[in-house]
Amino acid sequence: MSAALQTIEFLARSEHRVATLEALAEERHDRRDLRAVTGASDPTVGRIVRDFEDRSWIVRDGPYYDLTPLGAFVADRFLDLREGMRTGETLREVWQWLPREMEGFAVEDFEDTVVAYPGPNYPYTPVERVTYLLESTDTIRGLGTTIYKSGNLDVFCRRVIEGMEMEYIYSLPILEAIVDWNPELAARAFECDNCTVYLHDALPDDNRCGLNIMDDCIGICGHDPATAQLEAVIDTPAPEARTWAEAVYERCLEEARPFDVRELEAASSDSGERLLRVE
């Protein structure tokens, strides 16, 4: 094993070492502070600071310990690695639902992320997360299959009728499915002045996920293309993710066209007639 990997192992196999390094990366501490921050015993803290001193990571100034420039470098790189691994583990379970075809998608933009997916004993976590997000925003822009054939459609339409500003880009088959789900409620939402719908013939990743931009976060919803079941919800307040999402949305909007109910009528006379009759 290389010396670099041995150093990573030296830190990674001790939560107290990592906690000590992280605490000292924030500010200087004495041993009493380090015991409180790390939860380690005094003998354990003593061994840690001696090991760190031997590696030239810390220097003692009276009762206090400070990171050396070398120690600060090691802390920065190791803690970045830890955060990267956390993100990797968080996204691993939902990787197949992420928008890998949307230009500019980068995993590093999703380090501060909430992930909701069905558990073995409770399958409703993603639906509940979308409901929470819809109830927490006054504006929403989106594209694709984000709100599609789920219990969230009731909430989505209700929020639009209540005044939530909505601008959405759909493919025709997805819009047709939404109208078929509840023609009367869809019509009430679509006729609201605060609701604007566009159509697009080739949305990226449209067969498995969609993108939402809300007041305080952006969200990705993944659906099983065979069942239309909501499989995962990923949302983040990260500014980098928002910048990416807005760029994707603007590119798709440039290629989209305003919704015309006659397209629905041509695609499915039953759905179109029901929508027109309600309007």
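As the structure is a computational prediction, the values presented were derived from the model and not from experiment.

Structural notes on the sheet that holds strand 3 (residues 64-67)
Ordered in space as 1-3-2, the 3 strands form an open sheet in which the pairing is antiparallel. Because the sheet does not close on itself, it has two edges, and the strands there are strand 1 (29-30) and strand 2 (58-61). On the sheet, helix 4 (residues 42-54) packs against strand 2 and strand 3 and is oriented at approximately 115 degrees with respect to strand 2.

Quick notes on the side chain of Asp205
For Asp205, the position within the fold is in the loop between strand 7 (195-199) and strand 8 (209-214). Taking the relative accessible area as the measure of exposure, Asp205 reaches 1% and is therefore buried. Side-chain polar atoms of Asp205 contact the backbone nitrogen of Glu101, separated by 2.9 Å. At 2.8 Å, the side chain of Asp205 forms a polar contact with the side chain of Arg208. Once residues lying within four places of it in the same chain are set aside, the contact partners of Asp205 are Leu98, Pro99, Arg100, Glu101 and Met102.

Overview of a nonpolar patch on the surface
A grouping of Met1, Leu5, Ile8, Leu81 and Met85 is seen on the molecular surface, where their side chains present a nonpolar patch of about 500 Å² in accessible area. Listed by contribution, the elements that provide at least two residues to the nonpolar patch are helix 1 (3-12) and helix 5 (69-92). When you line up the elements, Met85 lands in helix 5.

As for helix 4
With 13 residues, helix 4 extends 18 Å from end C-alpha to end C-alpha; this agrees with the ideal 18 Å at 1.5 Å per step. Those residues of helix 4 not exposed but buried are Thr44, Val45, Gly46, Ile48, Val49 and Phe52. Contact partners of the buried residues in helix 4: helix 1, helix 2 (15-26), helix 3 (31-38), strand 2 and strand 3.

Here we look at the packing of aromatic side chains
Two measures describe an aromatic ring pair: the distance that separates the ring centres and the angle between the ring planes. The full count for this structure, using the stated rule, is 11 aromatic pairs. Look at Phe156 and Tyr168: their rings are 5.8 Å apart centre to centre, the planes differ by 80 degrees, and that puts the pair in the edge-to-face class. Here Tyr168 lies in strand 6 (residues 165-170) and Phe156 lies in helix 7 (residues 152-162), a separation of 12 residues in the sequence. Judged on exposure class, the residue Phe156 and its partner Tyr168 are both buried. Of the aromatic side chains, those joined through ring pairs into one cluster are Trp95, Phe105, Phe110 and Trp244. Sitting over the ring of Phe10, Arg55 keeps its end group 3.8 Å from the ring centre.

Procedures and definitions
Residue indices begin from 1 for each chain and proceed along its sequence in written order. Since the coordinates come from a predicted model, pLDDT governs what is reported: local features require at least 70, and pairs of side-chain atoms require 80 or more to be given and counted, while whole-chain, interface and lining totals use all residues. For side-chain calculations, the full set of non-hydrogen atoms in the structure is used, while hydrogens and water are omitted. Between any two strands, pairing holds if DSSP finds at least two bridges. In DSSP terms, a helix is any run of H or I states spanning at least four residues, a strand is any run of E spanning at least two, and both are numbered starting from the N terminus. Residue contacts follow a heavy-atom distance rule, with two residues in contact if any of their heavy atoms lie within 4.5 Å. For helices, the fitted line uses only the C-alpha atoms of the stretch in contact; every axis is such a line through C-alpha atoms, and the angle between N-to-C directions lies from 0 to 180 degrees. For every residue, the accessible area obtained with a 1.4 Å probe (protein chains only) is divided by the maximum for its type, and the residue is called buried under 20%, exposed over 50%, and partly exposed between those limits. Counting of polar contacts relies on pairs of N or O atoms within 3.5 Å, with two restrictions inside protein: one atom must be capable of donating a hydrogen and the other of accepting it, and residues adjacent in sequence are counted only when both atoms are side-chain atoms. Here, patches come from residues exposed beyond 30% relative accessible area and free of salt bridges, joined within 9 Å for like charges and within 5 Å for nonpolar side chains (Val, Leu, Ile, Met, Phe, Trp, Tyr). Per-residue accessibility takes into account occlusion by the displayed protein chains alone, with areas from the Shrake-Rupley method and a 1.4 Å probe. Note on definitions: salt bridges are taken to be side-chain nitrogens of Lys or Arg within 4 Å of carboxyl oxygens of Asp or Glu. A helix is expected to span 1.5 Å for every residue after the first. Under the pairing criterion, centres of Phe, Tyr and Trp rings, with the six-membered ring standing for Trp, must be within 6.5 Å; the plane angle then separates stacked pairs below 30 degrees from edge-to-face pairs above 60, leaving the rest tilted. Counted as over-ring charges are cases with an Arg CZ or a Lys NZ within 6 Å of the ring centre that also lie within 35 degrees of the ring normal.

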